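Chain and residue survey
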Amino acid sequence: MLAKLFRDFMLIWTTVDPIGNLAIFSGLTASLPRAERNRVARRASIYAALILVGAVVAGQVILDAMGIHLLSLKLAGGLILFVFALKMLFGEMETEPQGDPNRDIAVFPLAVPSIAGPGTIMAVIVLTDNDVYTVPEQAETAVMLLLVLFINYMLLRASEPILKVIGRQGASILVRVMGIILAALSVELVMSALHIQPWASLPKP
C-alpha cells in the first residue's frame, strides 16, 4: 500500500508540477499586492481541485459511455505524459502565457492548464481505474491528489520568499529533475498497458 501511495504521489506531483507553477504564478502576479496574490492562489487551487476531483469521480464513467477501454487510455496517457515530461526537460513549461490582461488568471492559465492540465487529468483517471483498484484504493489516491494540491497552494502563497531563496535558475533545475522522473513513470505506464515486465528479459547475475 505504501508503495502505491508513494507512486501515486510522485506521478501526481510531477504532472501538477508545483515548482513550475511557482515560477509561472510569480511571473503572472508580480504586479499584484500580497492580498490579491493570495486570493488568486486560493481561487486557482479551488478550480483545479474541482476539475481533478471531477475527473476522479466521473472520468472513467464518461470513457465507458464512449466505449474507450482503460488500457487504451493508459497507453495514450503514458505517451502524453512522456511528451509532457519532454516539455519540462526542454523548458517549454516555463514559458509564461500571454493574452488579455483583463482575464481571470486564476482560471486561465493557472487552474487550467498549469495545475489541472491534460497530463494531470489523464494521470488521475488512470490511477483510479475501477477495474484495477478498489474504492478504498481510489480514495487513497484522491487523498494524495488533495495533498499535492494543498502543497501546491502553500507554495503559491509563499512564492515570493521561496523564489528569493532558490532563484529562477534553481526552480528551472528542479522542473527538469521532475521531468526526468515523469518520463520514467510514463514509460512504466506504457509497459504496464502493453503487459511488458521491466527487466524480465535480462539475464540474472
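Scroll up to find the structure.
Before going into details, it helps to say that this report is about the structure given with it. (Residues numbered from 1 in each chain as written. Predicted model: local features only at pLDDT ≥ 70, side-chain atom pairs only at ≥ 80, totals over all residues. Heavy atoms only, no water.)

**Observations concerning unusual backbone geometry**
- At Asp 17, a residue that is not glycine, the phi angle is positive and equals roughly 60°.
- Structurally, Asp 17 can be placed in the loop between helix 1 (2-16) and helix 2 (18-28). (Helix = DSSP H or I, 4+ residues; strand = E, 2+ residues; numbered from the N terminus.)

**Considering the packing of aromatic side chains**
- Per the counting criterion, the structure on display carries 1 aromatic pair.
- Plain terms: the ring middles of Phe 9 and Trp 13 are 5.8 Å apart, the flat faces sit at 25° to each other, and that makes the pair stacked. One end of the pair, Phe 9, and the other, Trp 13, are both in helix 1, 4 residues apart, so they sit about a helical turn from each other.
- Of note, Lys 4 hangs over the ring of Tyr 133, and the distance from its end group to the ring centre comes to 4.5 Å. (Phe/Tyr/Trp six-rings, centres within 6.5 Å; stacked < 30°, edge-to-face > 60°. Lys NZ or Arg CZ within 6 Å of the ring centre and 35° of its normal.)

**Some words on the packing of helix 1 against helix 4 (residues 70-89)**
- Axis separation between helix 1 and helix 4 bottoms out at 10 Å; the angle between their running directions is 55°. Considering their axes alone, helix 1 and helix 4 lie oblique with respect to each other. Crossing angle aside, the handedness with which helix 1 passes helix 4 is left-handed. When helix 1 is examined against helix 4, the residues Leu 11, Thr 14 and Thr 15 are found in contact with a partner set consisting of Leu 81, Phe 84 and Met 88.
- Here the residues of the contact of helix 1 with helix 4 are counted per class, giving 4 nonpolar, 2 polar and no charged. (Axes fitted to C-alpha atoms, helices over the stretch in contact; angles between N-to-C directions. Parallel < 35°, antiparallel > 145°, perpendicular 65-115°, else oblique. Left-handed = near helix turned anticlockwise from the far one by under 90°. Contact = heavy atoms within 4.5 Å. Nonpolar A, V, L, I, M, F, W, Y, C, P; charged D, E, K, R; others polar.)

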